[in-house]
Structure formats: structure tokens, C-alpha cells
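# Coordinate analysis (summary)
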Amino acid sequence: MAKRLGVATRPFGEVLAHPYMTLLPSKLSEAEWQKIVTYYRGSAPAALPEQTLPAEPIRDPAFFETAPFDSSIKSSGIITLLVADTLHRRIFVGEAGTNTLSIFDWKRRLLSSVKLRSPPTGLIVEPSRVLVLESGILDPNDEPMGTLEEYDLVGVDSLRSRRVVIDSLIRPVAVAAIDADGDGVNEFLIAEFGNDRGRLALYRQENGRYTRRVLDSSPGAVRFEVRDLTGDGAPDIVALFAQADERIVLFENDGKGNFPARKRVLARFPPVYGSMYFSMHDMNGDGHPDIVYVNGDNFDYSRVLKPYHGVHILENNGRNEFHERYFFPIYGAARAEVADFDGDGDLDILATSKFGDTARHAERGIIYLENTGAYRFRPYSFSIAAVNEWNLTALADLSGTGRPDVIIGAMNLSSVSQAQRGYTGRVVSGAPKVPILLFENRLQPAAKTR
């Protein structure tokens, strides 16, 4: 705060200053700054309250058979990409320790790997090519070093580099193809998280080159969904921004592929919330998409366990107005997969955590919430979660039961810390933790308890 207000303080000094930080136009006086310091020191609690769970999780249920995805994988444990290609029955795994993208088949056999220039964060699979979003620099930064690169698909199991499609991306983390104007030609929608600057932008091909149309120029764009939320037949965009002004925003399409000033904040959160993820699902069966929102990022300055971290359900009242109806606390919550895991007709939730209470409840690094109706969920935890910290997930019916299995990728925090201290290119020694898990679904349809 001091730096943004033009105040020089210790121990930070000039460490936080860089050209894209938003600063107060005129500096605060020392007297004004001391008033702010006095307020915070007098008002801040000595400690945050502990989380109170609506029900104690049942440990190690038999209906998920849990095991390492592949015990032979050598990895830093910084899994930055996890995509299940159900059409070709392949699994793409990207990791930051070696900047490698690997392809596995449905039986978890490694088919091939390709070395990238930087950690991969997004993927689009097409019949003859794969488009890979590369972050440039994974750590918080504002350098336009990210790219979207095209790889030829050689057979069904290997990639050959072809060309850079789009460059100068600011720490990009998500990509999708979208035909915004209905002309049959896709544009690329890219979330560029950045740090002090960033953007959510559409990239449209014109005269053989891609031109950028910025929908929002603020940092922190981390995920989006493309869906017709206004009911006019044109694809709208719903995006989560997870930096400073944390919020979920609806960008309305005018029907011609333009997203003018018609953007509406659907939900807004305090800047310390640590927004991580969201997805849209009809959780109550009323025909309107609700929001499942996940917050738990804790890699900023206040690295203490926070009671407001967890999984939230924001109910849609039918007019795209969203209000929280359910909250399950999970320290450091990172991701939530929503699916009918038990085949009983409603939507359950499987959530991961990478900043959990590992000293007391490491088993809560992965939580399954069984939907029992009327916004009631029965929680389960897993002892195997203690072998790492968990982040990314992907769904695929690997076992052929007709129900989704879950692949879970790690975000090993000790490896991340080493990387930020200058680690380059080698698997982190002394970190043999499991990088990827498979939760094989053995659930049988259960009778509802309404």
C-alpha cells in the first residue's frame, strides 16, 4: 500500500516499484500515512477465526479408488496444464520444472513429450493440430513474453512445432476458440493475467495476422466461460479477474461479435479473497446457470489460513443476478470439478487445495462433496491428499464405467518457492512427491435423501 501511495517504507523500499504499478497521483504526507498505519494496527484482529465446517468429512470412502497417475513420472510437481482429450482418448500434461508437454493415452502410458520454451497453461485440440498457450514467464510479471503456438499433430501421439500464432502475451493463462460474430471463423479469446497490468482480449485474424481487441485491460484475468447468458443467440463471455479488483464479469455480445461497454459485474470479492476458479452449472435444476466459485490463493503477503477460503455456490435468480446460497470452507481451495459423479441425477463437487492446513488436516487437500439435495452436501476427504498440494483437475472416463474419473495435478509449493529463487530447468532435488493422482470412480447411483 505504501508504495502505491508514494510513501517510502522499510523493509520494502524500492523493491516493489516498477513501471506498471498504479500509483496515487500525488504522494501522501508522512502524517497522513501514519494515520493509516495507526488505523490498521488498532483495528486488525490478532488472528482470524478458524473455519467451521457444516459437517466433518468422512475419510477415505471406498467409492473412489485413489492412486498415483503414473508412478514413474519425474516432475517438479508444478503441473501447469492438465487436459483430457476425450475425442482422441489422450491426456495432455504440462509442467513448469522442465517446460515439458507430455501426451498419455487412456491407459496412462506415455506416448510422447515435447520441450517448450516456457510453461504451458492452455490448450486447444483440433483434428490436425494442437494450439499451446505458453506463459513466457510463469511467476508474477508484466512482460509480454507469452505466446500461442501451433503444433502439427503427427499421427495421434506426437507433436511437431510449426509456428507462433500470436506473440506478446502478458503472462497468459487461458485460451479458447470463439466465433463471436457468427461468420464461421473462430477468434481466440485469451486471458492474460499479468501482474500490475494484464487484459482479457479477442484476437481476430485479418489479412493473415491477428489483431487484438481488448475487452478489459485490468490484470488478473484467470478464467472465462463462453455461453449465451442473455438468451439472444450470440455467445457472451463470463470472466473471473483474480487480481486487486476480484470479480466475475459478464461481457455481453451485441450479436455482431462486438463487446462494447455492455459489461456487468455479476459478483465482486475483497482483494484479499484469493479468487482461483469458477464454473457455471445449474445446481438447483431451475434451468438457469449458477456459479460455483472457488477462492484460496494464499501466495501474497498475508500467508495465514483464511476462514473465507472455500467453495461457494452463487445462485442465479433467473435474471443473471447472483447471490450466495452455499459455502463449504476449504483452506487454500484451488479448483472445483462439478459433475454427477454418483449418477443420481444431481451435481456433486470435487475440490482441490494447494494452501491447506497441512499440519492438522492434510487429508483435506482434496474434498468430495456429495449432493444430497436442497443445497446440502455430504463431505469426504482423502488420506492420499497428504502426498502433495493440489491444483488442476481434469475429468475423463478412463475406466469405461460411464462415470467421470478425476485426474488431479499438483502445485508443489516448495518447488514453486525454489523456482522463484532462481531455479532453472531441472527437477527439484529432494522433492519426490507424487505430481499427479487418479481418482477412479467406483460410485454407484444412490437414492436421494431430500
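As a reminder, the structure under discussion sits directly above these lines.
Residues numbered from 1 in each chain as written. Predicted model: local features only at pLDDT ≥ 70, side-chain atom pairs only at ≥ 80, totals over all residues. Heavy atoms only, no water.

Right, let's talk about the overall build of the protein chain for a bit. Along its length, the protein chain carries 3 helices and 29 strands. Over its C-alpha atoms the protein chain spans a radius of gyration of 22 Å, differing by no more than 12% from the 22 Å that the globule rule assigns to 450 residues. Each of the three principal axes of the protein chain carries a C-alpha extent, and together these read 65 × 60 × 55 Å. The buried share among the 450 residues of the protein chain stands at 53%. Expressed as a percentage of contacts within the protein chain between residues at least 6 apart in sequence, the contacts between residues at least 24 apart total 49%. Counting 51 positive and 58 negative side-chain charges, the protein chain places the averaged centre of each group 4 Å from the other. (Helix = DSSP H or I, 4+ residues; strand = E, 2+ residues; numbered from the N terminus. Rg over C-alpha atoms; globule rule 2.2 N^0.38 Å. Buried < 20%, exposed > 50% of the residue type's maximum accessible area, 1.4 Å probe, protein only. Contact = heavy atoms within 4.5 Å. Lys, Arg positive; Asp, Glu negative; His and termini not counted. Charge placed at Lys NZ, Arg CZ, Asp CG, Glu CD.)

As a rule of thumb, non-glycine residues mostly have phi less than zero, and peptide bonds are mostly trans rather than cis. Notably, S168 is not glycine yet its phi reads approximately 60 degrees, a positive angle. With respect to the helices and strands, S168 occurs in strand 10 (residues 158-169). With a phi angle near 65 degrees, A244 is a residue other than glycine that sits in the positive phi range.

Now for the pattern of salt bridges. According to the stated counting rule, one finds 28 salt bridges in the structure shown. Close ionic contact of R325 with E315 constitutes a salt bridge, the shortest N to O distance being 3.1 Å. With R325 in strand 22 (residues 322-329) and E315 in strand 21 (residues 310-316), the pair connects residues that are 10 residues apart, well separated along the chain. Residue class for E315 comes out buried when judged on its relative accessible area of 18%. Between E440 and R442 there is a salt bridge; the shortest N-O distance is 2.9 Å. With a relative accessible area of 16%, E440 lands in the buried category. Accessibility expressed as a relative area gives 35% for R442, which makes it partly exposed. Among the charged side chains, a network of salt bridges with common partners joins E126, R129, E150, D152, R162 and R163. (Salt bridge = Lys/Arg side-chain N within 4 Å of Asp/Glu carboxyl O.)

Burial runs high along strand 17 (residues 246-251): 6 of the 6 residues are buried. Side chains E246, I248 and L250 of strand 17 all project onto a buried face; the interleaved residues R247, V249 and F251 project onto the opposite face, where all are buried too. Bridging between strand 16 (residues 236-241) and strand 17 involves 5 bridges; their strand directions are antiparallel. Bridging from a neighbouring strand, F241 pairs with R247 of strand 17. Hairpin connection, strand 16 to strand 17: the antiparallel pair is bridged by 4 residues, and A244 has positive phi, about 65 degrees. The sheet contact formed by strand 17 and strand 18 (residues 263-269) spans 6 bridges and is antiparallel. Opposite E246, over in strand 18, you have F269 as the bridge partner. (Pairing = 2+ DSSP bridges.)

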